[in-house]
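Here's the letter readout for the chains.
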Amino acid sequence: MKTLIAYSSKTGNTKKVAEAIHATTGGDFVDIIANPDVDLDAYEQVIFGFWVDKGGPDEQANAFFETVRNKRVGIFFTLGAWPESDHANDVEQVITEMAEDNGNTVVTTFRCMGKIDPELTKMFERMGDHSPHRMDEERRRRHEEAAKHPDETDLQNAQKAFKCMA
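Overview of the structure. (Residues numbered from 1 in each chain as written. Predicted model: local features only at pLDDT ≥ 70, side-chain atom pairs only at ≥ 80, totals over all residues. Heavy atoms only, no water.)

Another point: the nonpolar core. Where a protein is soluble and globular, its nonpolar side chains tend to be buried together. Core analysis: the biggest nonpolar cluster contains 25 residues, and Leu4, Phe48, Phe50, Phe64 and Phe65 have the highest contact counts within it. When residues of this core are traced back to their parent elements, those giving at least two are strand S1 (3–7), strand S3 (45–53), helix H2 (59–65), strand S5 (72–79) and helix H3 (86–101). In terms of residues, this core owes the most to one element, H3, which gives five residues. Counting residues in hydrophobic clusters, the runner-up holds 15 residues, among them Cys112, Leu155, Ala161 and Phe162. (Core = buried A, V, L, I, M, F, W, Y, C linked by side-chain atoms within 4.5 Å. Buried < 20%, exposed > 50% of the residue type's maximum accessible area, 1.4 Å probe, protein only. Helix = DSSP H or I, 4+ residues; strand = E, 2+ residues; numbered from the N terminus.)

Shown next, in the form of structure tokens:
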């Protein structure tokens, strides 16, 4: 079965996970930001990865994924939130529904924490005490933990999650 691994990465997190999945599944490999005009008719299945922005795929990844129709798909994403948080669950639900609405069959999903863009961290640090997004101790702890990911365990877990698409 011909497979495309398409991903979008801002800080390198999603690319790192995509490379780990590619090492297990093979297939063609494309950074959709650098090459958004992929001929999807050439593929029976698409493994799609993105970094989370405002509760869903980043803008370029979202535009690409809207074009994926009637395929077997695997979905992975990286985010600065805890991977088992309500936020991560909501992101997975949104992207799964988007895939299914386009006639795709979701075969597997994977999510992991990833380092947060340093500019975003600086923005939170500048917010006043009255902002719900200010840099409090919990947020600082999460940002510090996110900086350690994706780690080797995350990459191995991604490979396990996508073995079924090899």
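Structure's up, so let's keep going.
Of all the residues in helix H6 (residues 152–162), the buried ones are Asp154, Leu155, Ala158, Ala161 and Phe162. Down the axis of H6, the sector holding all buried residues measures 120 degrees, keeping them to one side. The exposed residues of H6 that point more than 90 degrees off its buried face are Glu152 and Lys160. In this structure, the buried residues of H6 make contact with helix H1 (13–25), S3, S5 and strand S6 (105–113). Regarding H6, its N-cap is aspartate 151, as a side-chain oxygen of that residue lies 3.2 Å from the backbone nitrogen of threonine 153 further along. (Arc of directions from axis to C-beta. Contact = heavy atoms within 4.5 Å. Polar contact = N/O pair within 3.5 Å; in protein donor to acceptor, adjacent residues only side chain to side chain.)

Further remarks concern the packing of H1 against H6. As a packed pair, H1 and H6 sit with axes 8 Å apart at the nearest point and diverge in direction by 45 degrees. In terms of their interaxial angle, H1 and H6 are classed as oblique. Every pair of crossing elements has a handedness; the one defined by H1 and H6 is right-handed. In contact with Lys16, Val17, Ala20, Ile21, Ala23, Thr24 and Thr25 of H1, H6 contributes Leu155, Ala158, Gln159 and Phe162. Residues of the contact of H1 with H6, tallied by class, amount to seven nonpolar, three polar and one charged. (Axes fitted to C-alpha atoms, helices over the stretch in contact; angles between N-to-C directions. Parallel < 35°, antiparallel > 145°, perpendicular 65-115°, else oblique. Left-handed = near helix turned anticlockwise from the far one by under 90°. Nonpolar A, V, L, I, M, F, W, Y, C, P; charged D, E, K, R; others polar.)

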